[in-house]
Amino acid sequence: MLPFLFDSLLGMTAPVFALVMGLLLLTALWIDSRWGEPRSAQHPVVWMGSYLEACGRVTAQRDPWLAFVLGALVWIVGAGLVGFLAYGFQALVFGEIDR
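Residues numbered from 1 in each chain as written. Predicted model: local features only at pLDDT ≥ 70, side-chain atom pairs only at ≥ 80, totals over all residues. Heavy atoms only, no water.

**Q** Go over the overall build of the protein with me, naming the residues and quoting the values.
**A** The helix and strand tally for the protein stands at 4 helices and 0 strands. Split into buried and exposed, the 99 residues of the protein put 9% on the buried side. Carbon and sulfur atoms provide 73% of the accessible area of the protein, an area that totals close to 8,400 Å². (Helix = DSSP H or I, 4+ residues; strand = E, 2+ residues; numbered from the N terminus. Buried < 20%, exposed > 50% of the residue type's maximum accessible area, 1.4 Å probe, protein only. Areas by Shrake-Rupley, 256 points an atom, 1.4 Å probe, with all protein chains shown as cover.)

**Q** An account of helix α4 (residues 64–93) is needed here, citing residue identities and associated values.
**A** Its 30 residues place the ends of α4 43 Å apart at the C-alpha level, agreeing with the 44 Å of an ideal helix rising 1.5 Å per residue. Within the sequence span of α4, burial applies to A67, V74, G78, G88 and A91. Turning to α4, the residues buried within the fold contact α3 (44–59). (Expected span 1.5 Å × (residues − 1). Contact = heavy atoms within 4.5 Å.)

**Q** Give me the lowdown on the pattern of salt bridges, citing residues and values where you can.
**A** Tallied over the entire structure, the rule returns 1 salt bridge. The closest approach of N and O atoms between R57 and E53, which form a salt bridge, is 3.6 Å. Here R57 and its partner E53 are both found in helix α3, 4 residues apart, which amounts to about one turn of the helix. (Salt bridge = Lys/Arg side-chain N within 4 Å of Asp/Glu carboxyl O.)

**Q** Provide a residue-level description of the packing of aromatic side chains, including the pertinent values.
**A** Under the criterion given, the structure shown has 1 aromatic pair. Ring centres of W30 and W35 lie 5.4 Å apart, and the angle between their planes is 80 degrees; on these two criteria the pair is classed as edge-to-face. Overall, W35 belongs to the exposed group, its relative accessible area being 56%. (Phe/Tyr/Trp six-rings, centres within 6.5 Å; stacked < 30°, edge-to-face > 60°.)

**Q** Give me the lowdown on the packing of α3 against α4, citing residues and values where you can.
**A** Relative to each other, α3 and α4 sit at 160 degrees, their axes nearing to 10 Å. Comparing the axis directions of α3 and α4 gives the class roughly antiparallel. Relative to α4, the crossing made by α3 is right-handed. Across the interface between the two elements, M48, Y51, L52, C55 and T59 of α3 pack against A67, L70, G71, V74, V77, G78, A79 and V82 of α4. (Axes fitted to C-alpha atoms, helices over the stretch in contact; angles between N-to-C directions. Parallel < 35°, antiparallel > 145°, perpendicular 65-115°, else oblique. Left-handed = near helix turned anticlockwise from the far one by under 90°.)

**Q** Any chance you could break down the side chain of T59 for me, citing the residues and the numbers?
**A** With respect to the helices, strands and loops of the structure, T59 is situated in helix α3. In contact with T59, other than residues within four places in its own chain, are A67, L70 and G71.

**Q** Go over a nonpolar patch on the surface, please, and point to the residues and values.
**A** A surface patch of nonpolar side chains, about 530 Å² in accessible area, is lined by L19, L23, L25, L26 and L29. With respect to the helices and strands, L29 occurs in helix α2 (residues 14–35). (Patch = residues over 30% accessible without salt bridge, like charges linked within 9 Å, V, L, I, M, F, W, Y side chains within 5 Å.)

Right, dumping it as structure tokens:
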């Protein structure tokens, strides 16, 4: 089943996919060693942390059960937004969106 998955979704066999992923990892490590990490203001993980921190200040002031529910909703919205943006960017890069 796994080779079928690679052939149908990605248009490449499993060994070719593994090679591409290995090359991408090496490229990412080279870029990181060459230029280092981006500044905090430009890092998506920092953005997500700032979002959760801001929402946490609001939710922490509520009753525990409401804080839990609001925290879960905030997390779901944040993760959904990041997933939506990542999908949109990837679709633009790979031409899956008609312009």
